[in-house]
Amino acid sequence: MQNAVPAPTPADDRRSRDATRWDVQGLRAFAVLAVVLYHLWPNRLPGGFIGVDVFFVISGYLITGHLVRELLSSGRIALGRFWARRALRLLPAAFLAIAATGVTVLLAVPNALWGQYGRQLIASTVYLQNWQLAADAVDYLASDNDPSPFQHFWSLSVEEQFYIALPLVLITVVGLVRVVRRGRGVPAAAVARVVLVVVVVVSLAWSVLQTESSPGVAYFSTATRAWEFALGGLAATLPIGVASSRAGTFVRIMATWAGLALLLASLWVLDGDTPFPGSAAVLPVVGATLVVLLGAGTPLESVGRWFPVAHLGRTSYAIYLWHWPAIVLAPFVIGHDLAAVDKVVILVGSVLVGTLSTLLVEEPFRFARRVRLWRPRRVAVIGFCATLVVVGLGAGTLTTLQVQQTQAAEAARRLERGDVRCFGAAAEIGSADPCVNPALRSVRVPTAANARRDDANRGECWSAGGGQFTRCTLGPKTGYEKRFLALGDSHSNSFIDVYERIAKANNWRIDVAGHPSCYFTKAEQSAPSAGLRASCAAWKQHAEDYVSQQDDLTALLVTHSATSRPVLGEGGVSAEEATVDGLVDAWRTATEQGVPVIAIRDNPVPEPGTVTCVSEMQGPTTTACDRSRETATAPFDGQQEAADRVGRLAQVIDFTDLYCDDRTCPAVIGGVLVYRDKTHITTTFAKTLQPYLVRGIEDALRRAE
């Protein structure tokens with residue numbers, strides 16, 4: 001059984017040249033170079049993200065081999081010592097990178113991003129970043145967060161969770177086998193092999209299913225990635241020795257090159273539109289597994305010994321740590337998007353900083369004799385204290401931001417409650433006689449730091465998933481003069497607070513029902529998975545059934561995002577035609593019963609990074625963050641075209657002249673920040689639309705008579 005696992009490797013924390021798997025070092029170099037080049041030039045290397053999967057396979061192979069060898073030699077796994085070595089290997093360089101990045105955020109990044117970055121700093125420090133990103137992925141309103149300089153820690157979080165789980169699972173299963181065998185010898189490698197086969201089968205099946213139903217969660221989930229580690233670990237338990245015949249050597253070499261071919265193919269066959277991980281991850285994972293299993297003794301070792309490749313492999317962990325923060329934070333420091341020369345500087349700089357980090361931080365903690373003599377308890381105490389210090393940086397950032405947000409929110413409420421002339425939409429910037437209030441020149445409410453929180457969406461008005469039709473009632477439930485039903489996606493729900501005010505002021509009842517990225521149309525919208533398409537389709541059907549069963553509706557109020565999950569044309573029908581056809585067919589569910597449909601045209605689309613741009617303003621508001629009217633209003637939502645086909649029972653309310661003048665659509669209007677993210681308007685601005693919305697609804701009802 002001693003030959004069932006590979007010879008010692010660097011995973012044993014021994015700097016022995018003879019023990020080095022140079023083919024694995026070459027594979028590490030390939031993985032980190034693929035990831036870095038993908039992050040810098042995603043269009044040139046569309047599948048470079050598979051470098052992370054290669055790292056997972058390598059970790060599974062090396063760590064499983066280490067643990068099984070320990071089981072074979074001593075019959076047990078020294079958990080404390082194992083985790084202490086992993087901590088000394090990973091934490092010093094990681095904590096240094098996190099702390100340096102956190103300080104840079106405070107010095108160079110607008111506070112509009114501090115909340116997101118602070119939360120991710122903490123999640124990265126405690127190695128839960130993958131679950132933070134998974135939670136954001138299912139949170140529709142957080143799914144368009146700006147890239148964070150900490151988000152690459154998701155893969156390191158998954159690895160750390162693997163380091164915690166695998167030895168515990170092996171100890172548990174080996175213990176159970178010992179009980180069953182009543183003290184007889186335990187075939188440790190065989191037990192590990194069975195455990196890993198089960199993990200591969202179950203995790204891969206779950207990865208395929210979840211990638212189809214919830215791709216955002218699947219990408220970051222430990223459960224969907226476990227099979228990648230397990231397959232690498234399974235390779236470490238296979239009794240494959242060095243080939244002793246020419247035929248065996250030939251087979252080993254050919255299989256290794258086949259693995260490399262699969263990896264190279266992955267770089268261009270896969271891209272950002274490929275559902276991943278799912279079944280697509282089999283391509284790079286199997287390729288990497290073939291290399292770690294059979295690469296020893298092949299020409300790949302010569303490649304791995306070549307100094308540039310060997311050095312990239314040796315410093316791959318540090319390069320991975322430092323390259324992504326540089327990519328995200330550099331534009332804030334240099335004041336413009338990355339140009340080609342900036343990207344080259346980041347590439348070279350990442351290698352240089354990674355080299356220094358490896359030589360001065362990582363390897364001294366990993367190999368210094370004095371440090372290696374530390375007991376696991378001492379490592380745990382030092383690691384815990386270091387964690388508290390780094391977490392404190394993130395917590396301090398969030399606390400500072402909270403104080404600023406609270407003060408700014410109170411100032412915004414005072415402005416909103418007061419009778420401020422020309423506030424928000426009341427500026428009527430697109431009219432022949434716009435309203436101008438010089439006192440608002442330097443006012444921007446909500447502040448950019450508060451913008452994301454300035455959100456009217458409510459859980460009780462929002463589908464919880466699975467296509468459920470959930471609605472909330474605003475205003476009186478009985479004794480109302482008019483009853484409306486508002487249907488749509490988050491752009492419809494942006495008006496919830498406005499609807500509530502209107503309902504109370506006019507004795508109207510307004511029911512609101514929403515679904516993420518899904519609106520009232522019979523056309524099928526694009527979606528990243530069949531599960532999301534099915535959920536949207538089910539919600540639409542429930543909405544249609546509900547509308548057809550109501551006998552006291554005054555009108556339907558509908559709106560939707562013109563940019564999120566558009567309708568795709570098929571069979572020679574253009575996307576625009578399909579959009580209009582879908583709206584017409586859905587609206588007729590109401591109009592054929594004599595119920596008018598009142599459509600609110602979607603808001604203009606702001607410039608990318610508008611909130612961050614506004615947060616950088618000092619003094620009077622400028623036009624630096626504005627967008628041209630032609631570009632901002634370009635997305636086609638089809639509502640006016642659908643209304644023209646349906647007839648008088650379908651009316652459109654168009655607020656474009658309240659968002660834009662004849663040339664531009666400003667980011668700040670009448671002292672109010674219009675947008676809270678890439679597409680949604682702030683609740684503060686929506687509230688200033690209230691009188692115009694009431695007037696628009698009343699006019700639409702008169703025209704529909």
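Thresholds applied
- Residues numbered from 1 in each chain as written.
- Predicted model: local features only at pLDDT ≥ 70, side-chain atom pairs only at ≥ 80, totals over all residues.
- Heavy atoms only, no water.
- Axes fitted to C-alpha atoms, helices over the stretch in contact; angles between N-to-C directions.
- Helix = DSSP H or I, 4+ residues; strand = E, 2+ residues; numbered from the N terminus.
- Parallel < 35°, antiparallel > 145°, perpendicular 65-115°, else oblique.
- Contact = heavy atoms within 4.5 Å.
- Nonpolar A, V, L, I, M, F, W, Y, C, P; charged D, E, K, R; others polar.
- Disulfide = S-S within 2.5 Å.
- Buried < 20%, exposed > 50% of the residue type's maximum accessible area, 1.4 Å probe, protein only.
- Pairing = 2+ DSSP bridges.
- Phe/Tyr/Trp six-rings, centres within 6.5 Å; stacked < 30°, edge-to-face > 60°.
- Lys NZ or Arg CZ within 6 Å of the ring centre and 35° of its normal.
- Expected span 1.5 Å × (residues − 1).
- Polar contact = N/O pair within 3.5 Å; in protein donor to acceptor, adjacent residues only side chain to side chain.
- Left-handed = near helix turned anticlockwise from the far one by under 90°.
- Patch = residues over 30% accessible without salt bridge, like charges linked within 9 Å, V, L, I, M, F, W, Y side chains within 5 Å.
- Areas by Shrake-Rupley, 256 points an atom, 1.4 Å probe, with all protein chains shown as cover.
- Salt bridge = Lys/Arg side-chain N within 4 Å of Asp/Glu carboxyl O.
- Core = buried A, V, L, I, M, F, W, Y, C linked by side-chain atoms within 4.5 Å.
- Right-handed = clockwise from strand over helix to strand, strands pointing away.

### A closer look at the packing of helix 6 (residues 153–181) against helix 14 (residues 316–334)
Thought 1: At a minimum axis distance of 10 Å, the contact between helix 6 and helix 14 shows a crossing angle of 135 degrees. As summarised for this structure, helix 6 and helix 14 are arranged oblique, according to the angle between their axes. Of the residues in helix 14, those in contact with Phe153, Ser155 and Leu156 of helix 6 are Tyr317, Tyr320 and Leu321.
Thought 2: Of the residues that constitute the contact of helix 6 with helix 14, the class distribution is five nonpolar, one polar and no charged.

### Re the state of the cysteines
Disulfides are covalent bonds that link the sulfur atoms of two cysteine residues.
Thought 1: The full count for this structure, using the stated rule, is five disulfides.
Thought 2: Linked covalently through their sulfurs, Cys461 and Cys472 form a disulfide whose S-S length is 1.9 Å. Sign of the S-S torsion, about 100 degrees for the bond between Cys461 and Cys472, identifies this disulfide as right-handed. Taken as a pair, Cys461 in the loop between helix 17 (376–417) and strand 1 (471–474) and Cys472 in strand 1 lie far apart in primary sequence, 11 residues in all.
Thought 3: Of the residues examined, Cys461 reaches a relative accessible area of 0% and is grouped as buried.
Thought 4: Each sulfur in the disulfide pair Cys518 and Cys536 lies 2.1 Å from the other. Looking down the S-S bond of the Cys518 and Cys536 bridge, the torsion is 90 degrees, so its handedness is right-handed. With Cys518 in the loop between strand 3 (508–514) and helix 20 (530–549) and Cys536 in helix 20, this residue pair connects regions lying 18 residues apart in the sequence.
Thought 5: A residue is classified by how much of its surface remains accessible, and Cys518, at 0% relative accessible area, is buried.
Thought 6: Ordinal numbering of bonded cysteines along the chain defines a disulfide pattern of 1-2, 3-4, 5-6, 7-8, 9-10.

### A word on the sheet that holds strand 1
Thought 1: Spatially, six strands are ordered 1-3-2-4-5-7 in an open sheet, and the strand pairing comes out mixed. At either end of the open sheet lies a strand with only one pairing partner, and these are strand 1 and strand 7 (650–653). Taken pair by pair, the neighbouring strands of this sheet meet at an average axis angle of 20 degrees, ignoring direction.
Thought 2: The pairing of strand 2 (residues 482–488) with strand 3 spans seven bridges and is classified as parallel. When the sheet's bridge partners are listed, Leu487 is paired in strand 3 with Ala513.
Thought 3: Together, strand 4 (555–559), strand 5 (597–600) and strand 7 form the strand contacts of helix 24 (residues 639–646), whose direction differs from that of strand 7 by roughly 155 degrees.

### Remarks on the packing of aromatic side chains
Thought 1: Scanning the entire structure with this criterion turns up 16 aromatic pairs.
Thought 2: Between the aromatic rings of Tyr219 and Phe276, the centroid separation amounts to 6.3 Å while the plane-to-plane angle is 50 degrees, which identifies the pairing as tilted. Here Phe276 lies in the loop between helix 10 (246–269) and helix 11 (282–294) and Tyr219 lies in helix 8 (residues 215–220), a separation of 57 residues in the sequence.
Thought 3: The buried category is assigned to Phe276, whose relative accessible area is 5%.
Thought 4: The cationic tip of Arg86 hangs over the ring face of Tyr163; the distance from NZ or CZ to the ring centre is 5.8 Å.
Thought 5: Sitting over the ring of Tyr317, Arg89 keeps its end group 5.1 Å from the ring centre.

### Topic: helix 9 (residues 222–237)
Thought 1: Under the 1.5 Å per step criterion, the end-to-end length of helix 9 is 22 Å for 16 residues, consistent within 8% with the ideal 22 Å.
Thought 2: Of all 16 residues making up helix 9, 14 are buried, and the element is well covered by its neighbours.
Thought 3: The opening residue of helix 9 is Ser221, an N-cap whose side-chain oxygen sits 3.1 Å from the backbone nitrogen of Ala223.

### Details of helix 13 (residues 307–314)
Thought 1: Among all positions of helix 13, only Val309, Ala310, His311, Leu312 and Gly313 are buried.
Thought 2: Those residues of helix 13 that are buried are in contact with helix 1 (22–40), helix 12 (300–305), helix 14 and helix 15 (340–367).

### A few points about the pairing of strand 4
Thought 1: The buried count for strand 4 comes to five of five residues, which makes it a mostly enclosed element.
Thought 2: Of the two faces of strand 4, both are covered, the one formed by Ala555, Leu557 and Thr559 as well as the one formed by Leu556 and Val558.
Thought 3: As paired elements, strand 2 and strand 4 share five bridges and run parallel to each other. Counterpart to Gly488 in the pairing with strand 4 is Thr559.
Thought 4: The sheet contact formed by strand 4 and strand 5 spans three bridges and is parallel. Counted as the bridge partner of Leu556 is Val597 from strand 5.

### Remarks on the packing of helix 1 against helix 11
Thought 1: Axis separation between helix 1 and helix 11 bottoms out at 8 Å; the angle between their running directions is 155 degrees. Classified by the angle between their axes, helix 1 and helix 11 sit roughly antiparallel to one another. Considering only the axes of helix 1 and helix 11, their crossing is left-handed. Two secondary-structure elements touch here, helix 1 through Asp23, Val24 and Leu27 and helix 11 through Ala288, Val291 and Val292.

### Overview of a nonpolar patch on the surface
Thought 1: Residues Val194, Val197, Val198, Val201 and Val202 make up a contiguous nonpolar surface patch of about 430 Å² in total accessible area.
Thought 2: Topologically, Val201 is positioned in helix 7 (residues 188–213).
Thought 3: Looking at Val201, the relative accessible area reads 54%, which means it is exposed.

### A short note on the nonpolar core
Thought 1: If you look at the biggest cluster of nonpolar residues, it comprises 106 residues, and the most contacted ones within it are Leu27, Ile50, Val54, Val292, Tyr317 and Leu321.
Thought 2: Those residues in contact with Ile50 that sit more than four places away from it in its chain are Phe30, Leu263, Ser266, Leu267, Leu270, Phe276 and Pro284.
Thought 3: Val445, Val512, Ile653 and Val694 belong to the second-largest nonpolar core, a separate cluster that totals 46 residues.

### Quick look at the pairing of strand 5
It is a general feature of regular strands that their side chains alternate between the two faces of the sheet.
Thought 1: Covered by surrounding structure in strand 5 are Val597 and Ala599 together with Ile598 and Ile600, the residues of both alternating faces.
Thought 2: A crossover connection joins strand 4 to the parallel strand 5 through helix 21 (residues 575–591); in handedness this β-α-β unit is right-handed.
Thought 3: Bridge count between strand 5 and strand 7: four bridges; the pairing is parallel. Across the sheet, residue Ala599 finds its bridge partner in strand 7, namely Val652.

### Digging into unusual backbone geometry
Thought 1: Here the residue pair Phe276 and Pro277 is connected by a cis peptide bond, since its omega of 10 degrees sits within 30 degrees of zero.
Thought 2: Turning to its location among the elements, Pro277 is positioned in the loop between helix 10 and helix 11.
Thought 3: Following Val445, the chain continues to Pro446 via a peptide bond in cis, the omega torsion being -10 degrees.
Thought 4: Residue placement: Pro446 occurs in the loop between helix 17 and strand 1.
Thought 5: Phi at Cys422 is positive, roughly 70 degrees, even though this residue is not glycine.
Thought 6: Along the chain, Cys422 falls in the loop between helix 17 and strand 1.
Thought 7: Unlike most non-glycine residues, Arg565 shows phi in positive territory, near 50 degrees.
Thought 8: By the element assignment, Arg565 lies in the loop between strand 4 and helix 21.

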